[in-house]
Amino acid sequence: MAPAGSCCCCCCCCWGGAVSAAGAAQRLLVLLLLMGALPAELHPRALATEYYSPLALLKQELQHRQQEAPAGGGGCSTQSGDWGEQYPAECGESSFLNFHDPDCKPKGSSVCDSVLSLNTEKILNQAKSVAEQKRFPFATDNDSTNEELALAYVLIGSGLYDEAIRHFSTMLQEEPDLVSAIYGRGIAYGKKGLHEAIESFKEALKQKVDFIDAYKSLGQAYRELGNFEAATESFQKALLLNQNHVQTLQLRGMMLYHHGSLQEAIKNFKRCLQLEPYNEVCQYMKGLSHVAMGQFYEGIKAQTKVMLNDPLPGQKASPEYLKVKYLREYSRYLHSHLDTPLTEYNIDVDLPGSFKDHWAKNLPFLIEDYEEQPGLQPHIKDVLHQNLEGYKPEVQELICTADRLGSLMQYETPGFLPNTRIHRAMGLAALEVMQAVQRTWTNSKVRMNGKTRLMQWRDMFDIAVKWRRIADPDQPVLWLDQMPARSLSRGFNNHINLIRGQVINMRYLEYFEKILHFIKDRILVYHGANNPKGLLDVREALEKVHKVEDLLPIMKQFNTKTKDGFTVNTKVPSLRDPGKEYDGLTITITGDKVGNILFSVETQTTEERTQLYHAEIDALYKDLTAKGKVLILSSEFGEADAVCNLILSLVYYFYNLMPLSRGSSVIAYSVIVGAMMASGKEVAGKIPKGKLVDFEAMTAPGSEAFSKIAKSWMNLKSISPSYKMLPSVSETFPTLRSMIEVLNTDSSPRCLKKL
């Protein structure tokens, strides 16, 4: 999530005074000691009489480490992507607190070794090359200063952001105006805290007002923060200095796509490709933008160009190359169903199981006996642009209402950019859920997947799923229990890295302290049962822990089983069977010998776990339907409150199950909003800053606690009678074509005027 800012060639200018060779070497040695990269016998005071070159120091350290390193690595590491297979069974028991054996290695994963311990010589060689070629912004005319700058930039490229920050900061103590160090520190800060990064980029721009990369990186930092207006302004300033700056065009285009401004995004990608015809990111994003707008011919043409860019032997394939064939196949499927009624087909059933499995896990497209989707059929035309004025007044009202409802689902948290396309899609989803639930409570049937029947809870969520899918076709929004039986029996991991090495996931920063307190409580429970005599010492040690990173040393100190890490499991209490608990989140903390950690959470979606949660949700939905039918005939407050609690309880279990490959959070919240409106209550409040609804559910001790938290911000009020006058969403937009048309429509002039 850090601002983009690779070490690129810039004009070489002289900034700041000369730095002595001895001073440079001393700072390097102190830096390496801070990194834990030098043996204790080497101390900075030795530099008072003798100068060590950086290369000599690190060669000595490399030899020292190679002599002491064990033959094998250690630690159980998880995969870095959002998806990975489960840990092998031998990684730990099924209790709430497990320990990682150093010999346990997941198949295909590397162990938790420090980047530095394995690549010291490589880092210095790279730094030497970067310094000689001056491949960083605003190199000076002093070789020693350039050497230090190059080392810090290489540290960034090696993932050692803390060390890079310390090194840049030390340099800036001597030369406060060293613009390359100011900017580089901002790049490193981007992995740790966006506000610090933004201040660094602003400071660099004070020193160098025409610093294009600083404007570009500032724009990306604001984009990651979710500030669309500030990001747009910074990108624009970069392009005013150089209208052909490809990186800025690429980043601005991607921001516009994820803001829902697809037409403007395409303009940026086209300009990018005029300047760099083989830019895979711009080509992929251009194809994706066209498909999202229903322009399948242009979209698939762009996708095919990406597919033709085969990696050279030994070259790693780009993420776009790995994804593009999935997108092309999905695009062909969508095109062939543009005019088929949505009630007559089911994506989860139609797409081949192996395709879904590989797509959801982001695996290379190596699927045996795969039969490609039919090519584009000439008689099926692309989606045409539809003006808001082309819709009837009541449909215009429906669209404006959806925009307003969708905006209430926006997270006010770093990492979540407001997306007007998603807002409209999920607002329409909420309205359609409202109308479908109301029909169900009056004993009406619904048409789903080619069948007419009473609505079940999955049908309610499927309404939101279809809107989320089409709003962004890049993401596979798939039901996990509809995956192939073999994959489901092995289980899926919906995995989130909170801290990986030195990179902090700022989306979830608000929950670090809450998770820390939970882990402390679990550790005390564990030691109370297994080490009661040492419980007091453990408690005193834990009271001094204020960061997740400090937990691992405590665990190693008081438990011999803790080698490289441990896991803690949350439990979800059953309403259907009081006293029974289900597996919730698995919280994992592992570390290496230098202090880098992996702090992650995941839900392990197995067939058995899914059945347990489904039984809970089935029972709640049955109760909700019964009480909803009573509510339709009654106006008593108690009935409405009971229905409200049942809706939130049902979604509490949905969140903890995490049954979708993507999009579970906004899908579930749109169901909350829609079902609440069906009960006569409108959600008028916004989600508080820093709060994530799915994490509130997954970290709540039970459904009642989650309901209380959610209601505290929802500001529920009686629904306006105008909602009853809105046309049917499912009848107004019965096909994929009509859904894409309404998502493409610009409603801002009329809807903003109405507000």
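Here goes a summary of the coordinates provided. Starting from 1, residues in each chain are numbered consecutively following that chain's sequence as written. With the structure being a predicted model, the display of local features is reserved for residues of pLDDT at least 70 and the display and counting of side-chain atom pairs for 80 or more, all residues being used for whole-chain, interface and lining totals. To get the side-chain values, take all heavy atoms of the structure and skip hydrogens and water.

Under the DSSP-based scheme used, a helix requires at least four consecutive residues in state H or I and a strand at least two consecutive residues in state E, with every element numbered from the N terminus. The number of helices and strands found in the protein chain is 31 helices and eleven strands. For every residue, the accessible area (1.4 Å probe, protein chains only) is compared with the maximum for its type, and the residue is labelled buried under 20%, exposed over 50%, or partly exposed between those bounds. Counting over 755 residues, the protein chain shows a buried share of 56%. For this analysis, residues touch if any pair of their heavy atoms sits within 4.5 Å. Across the protein chain, the fraction of contacts at a sequence separation of at least 24, relative to all contacts at a separation of at least 6, is 71%. Accessible surface is estimated by sampling points in the Shrake-Rupley manner with a 1.4 Å probe; for residues, cover comes only from the protein chains shown. Within the structure as shown, the protein chain displays about 32,600 Å² of accessible surface, and the carbon and sulfur contribution to it stands at 51%.

Orientation of helix 10 (residues 246–259) relative to helix 11 (residues 262–275), taken along the N-to-C sense of each, is 160 degrees, at an axis distance of 8 Å. Of the possible angle classes, the one that applies to helix 10 and helix 11 is roughly antiparallel. Seen along the crossing, helix 10 lies across helix 11 with a hand that is left-handed. From helix 10, Val246, Leu249, Gln250, Arg252, Gly253, Met254, Leu256 and Tyr257 reach across to helix 11, where they touch Leu262, Glu264, Ala265, Asn268, Phe269, Arg271, Cys272 and Leu275. Asp, Glu, Lys and Arg are counted as charged, while Ala, Val, Leu, Ile, Met, Phe, Trp, Tyr, Cys and Pro are counted as nonpolar; the rest, among them Gly, fall into the polar class. Here the residues of the contact of helix 10 with helix 11 are counted per class, giving ten nonpolar, three polar and three charged. Note on geometry: axes are lines fitted to C-alpha atoms, helical ones only across the stretch in contact, with angles between N-to-C directions running from 0 to 180 degrees. For classification purposes, angles smaller than 35 degrees are called roughly parallel, those larger than 145 roughly antiparallel, those between 65 and 115 roughly perpendicular, and all remaining angles oblique. Two helices that cross are described as forming a left-handed crossing if the nearer one is turned anticlockwise from the farther one by less than a right angle, and a right-handed crossing if clockwise.

It is characteristic of soluble globular proteins that their nonpolar side chains tend to be buried jointly. Only buried residues count toward a nonpolar core, which is a set of Ala, Val, Leu, Ile, Met, Phe, Trp, Tyr and Cys residues joined through side-chain atoms within 4.5 Å. By size, the foremost hydrophobic cluster in this structure holds 143 residues, and its most contacted members are Leu431, Phe461, Trp467, Phe599, Tyr669 and Phe733. Ranked by residue count, the leading element in this core is helix 25 (residues 637–657), at 13 residues. Among residues more than four places away in sequence, those in contact with phenylalanine 461 are Trp479, Leu650, Val651, Phe654, Ile667, Ala668 and Val671. Listed in part, the 74 residues of the second largest apolar core include Ala131, Ile165, Leu205 and Val306.

Another point: the state of the cysteines. Here, the word disulfide means a covalent bond between the sulfur atoms of two cysteines. Put simply, a disulfide is two cysteine sulfurs that come within 2.5 Å. In the structure shown here, the tally under the stated rule is one disulfide. The disulfide partner of cysteine 272 is cysteine 282, and the gap between their sulfur atoms is 2.1 Å. Judged by the torsion about the S-S bond (90 degrees), the cysteine 272/cysteine 282 disulfide is right-handed. With cysteine 272 in helix 11 and cysteine 282 in helix 12 (residues 280–292), this pair connects stretches of sequence that are ten residues apart. An identical accessibility class is assigned to cysteine 272 and cysteine 282; each is buried.

Along the chain, methionine 739 falls in helix 30 (residues 736–744). Relative accessible area serves as the criterion here: at 1%, methionine 739 is assigned to the buried category. Measuring from C-alpha to C-alpha, the distance between methionine 739 and valine 729 comes to 9.9 Å, with ten residues separating the pair along the chain. Methionine 739 has contacts with Leu342, Lys466, Trp467, Ile470 and Phe733, leaving out every residue within four places of it along the chain.

All right, on to the pairing of strand 8 (residues 581–591) then. A large share of strand 8 lies buried, amounting to nine of its eleven residues. Between any two strands, pairing holds if DSSP finds at least two bridges. Pairing between strand 7 (residues 565–573) and strand 8: eight bridges, direction antiparallel. Looking at strand 8, one finds that asparagine 569 is bridged to threonine 586. Here strand 8 runs beside strand 9 (residues 597–605); their pairing, made up of six bridges, is antiparallel. Opposite glycine 591, over in strand 9, you have isoleucine 597 as the bridge partner.

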